[in-house]
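# Observations on chain architecture
Spelled out from the first residue to the last, the chains are:
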Amino acid sequence: MKRVWSRRSFLAAAGGGALVFGGAAERAGADPAADVHEAMRAVWRDLVLGGGFPVTEEPFRSRLAELGEQVGGWAAAMAPSPGSLWPDLAFATDPERMMQSYYRLRTMAEGFLRPGTGLTGDAGVLASLLAGLDHLHAEVYHAGQVRYGNWYCWQIGAPQALLDLCVLLYEQLGSDRLGRFCAAVDHFVPDSAVASYSGTSTGANRVDLCRVLAVRGVVGQEDAKTALARDALSPVFPYVTTGDGLYRDGSFVQHTWVPYTGTYGAVFLGGLGMLFALLKNTPWQITDPRAQTVLDAVERAWAPFLFNGLVMDAVSGRAVSRGLLVSDARQVQQDDHTRGHAVLAGILLLAEGASAAERIRWRGLVKGWAARSYYSPPLADRTLGLSALARLADLRADPAVAPAPEPVGHRLFASMDRATHRRPGWAASLSMASRRITHYETGNGEHLRGWHTGSGMLSWWGSTYGNGQYSDAFWPTVDPRRLPGTTVARTVLADGAGGDWGASRPDAAWVGGSTDGEFAAVGQHLRGLGSTLEARKSWFFLADTVVCLGAGIRASDGVPVESVVDNRNLGVKGTHALTIGGSVQPARSGWSATFTAPGWAHLAGFGGYVLQGPGPFKALREERTGRWNDINRGGATTALTRRYATLWYDHGRDPVDAGYLYQVLPGASTTQTAARAAASSWLTLLANSATGQGVSVASLGFTGVNFWQAGAVGPLEASGPCSVMVRLRSDGTASLSVADPARTLGALTLVWRRAVATVLSRPESVVSAVGGTQLRIEFGSLVGTAGSSQEVVVRLG
């Protein structure tokens, strides 16, 4: 059997021979004539433990020593009794603690097997492992036990850890234990768990279930289980049009309504990478040609959301609230960087089963992201397992791989109401909500105050600044009613308002926009969560700015309505200079003021804002204190304080037809911001009303219009609600990108009042396109285009 990893058992280190922890596949010899199950166990052991890293060098030396200390503490604290294995993990009524008990045992097994822990091969640790496994089996995880609480613990969490233990301790467990443990897994994860691609057996959950079945087949030497796991993966490969899974536009959805590229998507990616590796060159190798969809998704679905090693919070669901958890014995914070590092490791793993060309490209991308992750270097990430660290360390040391630059361009993920805009030096993400996608996800007591993350939250980072903006205790300390970019009625909402698991979906269909892959016109028909708020919001993503429009803002809840230009986390002691209209404002906490529009503002270390009104805008400096426990019931209770600088428009109580216009210029200097504000002719406002919003920028050859209903805006006229973006090119051509974000148009007529000589190309959705003194395009039904942009290219007259 061919080895999955090409690793050396020993490396010669500079200045001496550094012992390297070699993987089990090397020890197994990878003899093609060897028993296939033994060889597959060796591969899985290698995947779990990792191989090829120098145990006497950092970061591995410290991590192994820490692992040994942790394992020794757990072994000493183990106290088997009815309903618990450890006193702090009583599982009689909470299966999460049963699952956590198995996780501890798996970690202990790593400490027992890995060199450099101080407990390698320790007889006492092995005795504790065997006693702990026997106790959990007798008490709770055995055939015949009726499950209670969270299904995930019984069907994914606990059995994955248990089966990993069966592989790691295969020789020590003996056939009797292995048989009983396999019977327990069969009881909780029967073949019927993957009989239907529905319910909890979809997307990342299906991949996890297949991992259980595949390793169960290997441990118990039951080929039918392994074959079932392979076959049950097939439904995750094709693009989906509703519900969980990968969409053609690169969206990844889990829990039916939640954008989840960053967390469930990472599980999906890593799980498939492990299964591809386990089954490679075996009788059960994955040969389904549709598996290419997953490989394509690395660059289509994951890369757009990765920046300097972090994964954008817009696609991490309720995981953004986890931060520091009480249950984490090591007290290591989770954030956008740690989640991003897990995705990087998953891409490296998946690369081993990809084509040579894909592997080269992906390794270059990962090396670039890791090298630029200055705020939180991956090799210093204490949330990453040693096997993931080993893959990243191996890549860093590989001179044949050149780090790739950040991808540049705009991506609109219409199927999950998200957009990313990437320019040289900065990147941004936009979060929206519709009938298809939830305002936010809460559940299991997590993300209790994420109410308005889908109300147009605009997040952005620079290549050399702001990378800790959302990592540094942002979520527990930010005002949840003043998330950047959102329009919100300041109604008092209960924790978890709207319901669990994505229940809080607004009755709004027009959410999305049009893009040519570089610039974009994006819009959202906003309906507030728990309020009467309604608004039309548009964002025009351009070369050095995001132009933000709001119109038709109205509510009748008797509370103020605000549109937040930005809300910057300045850290613990931040005193970043705030300049407004050329004057530096006070740096003291608690300062606030109102300024007349039009005007401009600049926040040192971040960028500039051009505030064009209508009406005045407000500014505030404040210190905010919060706890992870405020937004996640399992979070730490330690009080955290961060400083914030906030800019917003106050539309007053019960506005009838309020609006706004401003620009965000990431990375701009004070001089550049003032110059943009003074260049009144740079931006032409075509419309800003509840019927249509549009702008044009002559220097960029850009015109963008979001038609909320049929009508005319500037040089464009549409017969129905749609989004249109026009780009003039230097070669005398122009492109028109047209989309139906609401997915309701049976037909659409678009007129562009510009002389057109020839129609060079058009999509199948176009019935006719006629030039002349103006261009008239007749589209057929756009319902089936899933909100994607339809591009028509013409030569100008």
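Residues numbered from 1 in each chain as written. Predicted model: local features only at pLDDT ≥ 70, side-chain atom pairs only at ≥ 80, totals over all residues. Heavy atoms only, no water.

Let us now look at the pattern of salt bridges. Under the definition given, this model contains 49 salt bridges. With a shortest N-O distance of 2.7 Å, Glu446 and Arg318 are connected by a salt bridge. Of this pair, Glu446 sits in the loop between strand E12 (426-431) and strand E13 (457-462) while Arg318 sits in the loop between strand E9 (310-311) and helix H12 (336-351), placing them 128 residues apart in sequence. Note on accessibility: Glu446 and Arg318 belong to one class, buried. Through salt bridges with shared partners, a single network forms among Asp186, Asp191, Arg216, Glu222 and Lys225. (Salt bridge = Lys/Arg side-chain N within 4 Å of Asp/Glu carboxyl O. Helix = DSSP H or I, 4+ residues; strand = E, 2+ residues; numbered from the N terminus. Buried < 20%, exposed > 50% of the residue type's maximum accessible area, 1.4 Å probe, protein only.)

Moving on, we come to unusual backbone geometry. With omega at 5 degrees, the peptide bond leading from Glu58 into Pro59 counts as cis. Structurally, Pro59 is set in the loop between strand E4 (53-54) and helix H3 (60-77). Backbone geometry places Asn444, a non-glycine residue, at a positive phi of 55 degrees. As for its placement among the helices and strands, Asn444 is situated in the loop between E12 and E13.

Right, let's get into the packing of helix H8 (residues 203-220) against helix H10 (residues 264-279). When two helices pack together, their arrangement is given by the angle between the helix axes and the distance between those axes. Packing of H8 against H10 brings their axes to within 8 Å, and their N-to-C directions diverge by 30 degrees. The angle between the axes of H8 and H10 places the two elements in the roughly parallel class. In this structure, H8 meets H10 at a crossing whose hand is left-handed. The residues of H10 that touch H8, namely those facing Gly203, Ala204, Asn205, Val207, Asp208, Cys210, Arg211, Ala214 and Val218, are Tyr264, Val267, Phe268, Gly271, Leu272, Met274, Leu275 and Leu278. Considering only residue class, the contact of H8 with H10 consists of 12 nonpolar, 3 polar and 2 charged. (Axes fitted to C-alpha atoms, helices over the stretch in contact; angles between N-to-C directions. Parallel < 35°, antiparallel > 145°, perpendicular 65-115°, else oblique. Left-handed = near helix turned anticlockwise from the far one by under 90°. Contact = heavy atoms within 4.5 Å. Nonpolar A, V, L, I, M, F, W, Y, C, P; charged D, E, K, R; others polar.)

As a further point, take H8. Helix length check: H8, at 18 residues, gives a terminal C-alpha distance of 26 Å against a target of 26 Å (1.5 Å per residue), a fit within 8%. Judged by how many residues are buried, H8 sits mostly within the fold: 17 of 18 residues are covered. Count one or two residues on from H8 and you reach Gln221, which has phi positive near 55 degrees. (Expected span 1.5 Å × (residues − 1).)

Remark: helix H6 (residues 151-168) packs on H8, axes separated minimally by 9 Å, with the N-to-C direction vectors making an angle of 35 degrees. Note that H6 runs across H8; the crossing there is left-handed. Two secondary-structure elements touch here, H6 through Trp151, Tyr152, Gln155, Ile156, Pro159, Gln160, Leu163, Asp164, Cys166 and Val167 and H8 through Asn205, Asp208, Leu209, Arg211, Val212, Val215, Arg216 and Val219. Broken down by class, the residue content of the contact of H6 with H8 amounts to 11 nonpolar, 3 polar and 4 charged.

In a beta sheet, neighbouring strands are held together by backbone hydrogen bonds and run either parallel or antiparallel to one another. Spatially, the 5 strands line up as an open sheet ordered E14-E19-E26-E25-E22, and their pairing is antiparallel. Taken across any chain shown, the strands that pair with only one partner, and hence form the sheet edges, are strand E14 (487-489) and strand E22 (592-595). Between one strand axis and the next, the sheet turns by 35 degrees as a mean value, whatever way the strands run. Note that strand E19 (residues 560-571) and strand E26 (residues 640-653) share 9 bridges and pair antiparallel. (Pairing = 2+ DSSP bridges.)

Looking now at the sheet that holds strand E32 (residues 716-718). Spatially, the 5 strands line up as an open sheet ordered E31-E32-E35-E38-E37, and their pairing is antiparallel. Each edge of the open sheet carries a strand with a single partner, namely strand E31 (711-713) and strand E37 (766-770). Strand-to-strand twist of the sheet, defined as the mean angle between neighbouring strand axes without regard to direction, takes the value 15 degrees. Two elements, strand E35 (residues 748-752) and strand E38 (residues 775-779), share 5 bridges in a ladder whose sense is antiparallel. Bridging from a neighbouring strand, Leu750 pairs with Ile777 of E38.

What follows concerns the state of the cysteines. Counting across every chain of the model gives 0 disulfides. Summary of cysteine pairing: Cys166 is not part of a disulfide, and the nearest cysteine sulfur, belonging to Cys182, is at 5.8 Å. The structure places no disulfide on Cys210, whose sulfur is separated from the nearest cysteine sulfur, that of Cys182, by 17 Å. With relative accessibility at 0%, the residue Cys210 sits in the buried group. (Disulfide = S-S within 2.5 Å.)

An ideal rise of 1.5 Å per residue puts 22 Å on 16 residues; H12 measures up with 22 Å between its terminal C-alpha atoms. Taking burial as the measure, the 16 residues of H12 include 15 buried ones, the bulk of the element. Between a side-chain oxygen at the N-terminus of H12 and the backbone nitrogen of His337 the separation is 2.8 Å; the capping residue is Asp335. (Polar contact = N/O pair within 3.5 Å; in protein donor to acceptor, adjacent residues only side chain to side chain.)

This part takes up the confidence of the model for the chain. Summary statistics for the chain give a mean pLDDT of 94 and a share of 96% for residues scoring 70 or more. Taken as a whole, residues 1-34 scores under 50 in pLDDT and shows 76 contacts with residues more than four places along the chain or in a different chain. (pLDDT = per-residue confidence, 0-100.)

On to the pairing of strand E30 (residues 702-707), then. Of all 6 residues making up E30, 6 are buried, and the element is well covered by its neighbours. The alternating pattern of E30 places Phe702, Gly704 and Asn706 on one face and Thr703, Val705 and Phe707 on the opposite face, and all of these are buried. Inspection of the sheet shows strand E29 (residues 692-697) paired to E30 by 6 bridges, in the antiparallel sense. Looking at the pairing, Gly692 lines up with Phe707 of E30. The hairpin formed by E29 and E30 contains 4 residues between the paired strands, and Gly701 there has a positive phi angle of roughly 65 degrees.

Time to look at the environment of Gly250. Secondary-structure assignment places Gly250 in the loop between strand E5 (245-246) and strand E6 (252-254). Taking C-alpha positions, Gly250 is 9.3 Å from Thr261, a pair spaced 11 residues apart along the chain. When near neighbours in sequence (up to four residues on either side) are disregarded, Gly250 contacts Arg300, Ala301, Arg411 and Phe413.

Let's shift gears to the nonpolar core. Grouped together as the largest cluster of nonpolar side chains are 153 residues, with contacts concentrated most on Tyr102, Leu105, Tyr141 and Phe268. Tallying contributions element by element places H6 first for this core, with 12 residues. Excluding its chain neighbours within four sequence positions, the residues that come into contact with Phe268 are Gly203, Ala204, Val207, Val236, Leu246, Phe252, Val294 and Trp302. The next biggest cluster of nonpolar side chains, apart from the first, holds 45 residues, and it includes Leu430, Ala555, Ala658 and Val664. (Core = buried A, V, L, I, M, F, W, Y, C linked by side-chain atoms within 4.5 Å.)

Tracing the sequence through the fold places Thr226 in helix H9 (residues 223-233). Among residues more than four places away in sequence, those in contact with Thr226 are Met40, Leu213, Ala214, Gly217, Val218, Leu279 and Trp284.

Moving on: the environment of Gly462. For Gly462, the location among the structural elements is in strand E13. Along the primary structure Gly462 and Leu269 are separated by 193 residues, whereas in three dimensions their C-alpha atoms are 27 Å apart. Every residue in contact with Gly462, bar those within four places of it in the chain, is listed here: Phe307, Asn308, Gly425, Trp426 and Asn467.

Before going further, it helps to examine the packing of aromatic side chains. Summed over the entire model, instances satisfying the criterion amount to 25 aromatic pairs. Their ring planes at 55 degrees and their centres at 5.0 Å tell us that Phe252 and Phe268 sit as a pair that is tilted. Separated by 16 residues along the polypeptide, Phe252 in strand E6 and Phe268 in helix H10 bring together distant segments of the chain. For Phe252, a relative accessible area of 0% corresponds to the buried category. Seen from their ring centres, Phe474 and Trp475 are 5.1 Å apart, and the 90 degrees between their planes marks the pair as edge-to-face. An aromatic cluster is built from Tyr102, Tyr141, Tyr148, Trp154 and Phe188, whose rings are joined through pairwise contacts. In this structure, Arg482 packs its charged tip against the face of Trp648, placed 4.1 Å from the ring centre. (Phe/Tyr/Trp six-rings, centres within 6.5 Å; stacked < 30°, edge-to-face > 60°. Lys NZ or Arg CZ within 6 Å of the ring centre and 35° of its normal.)

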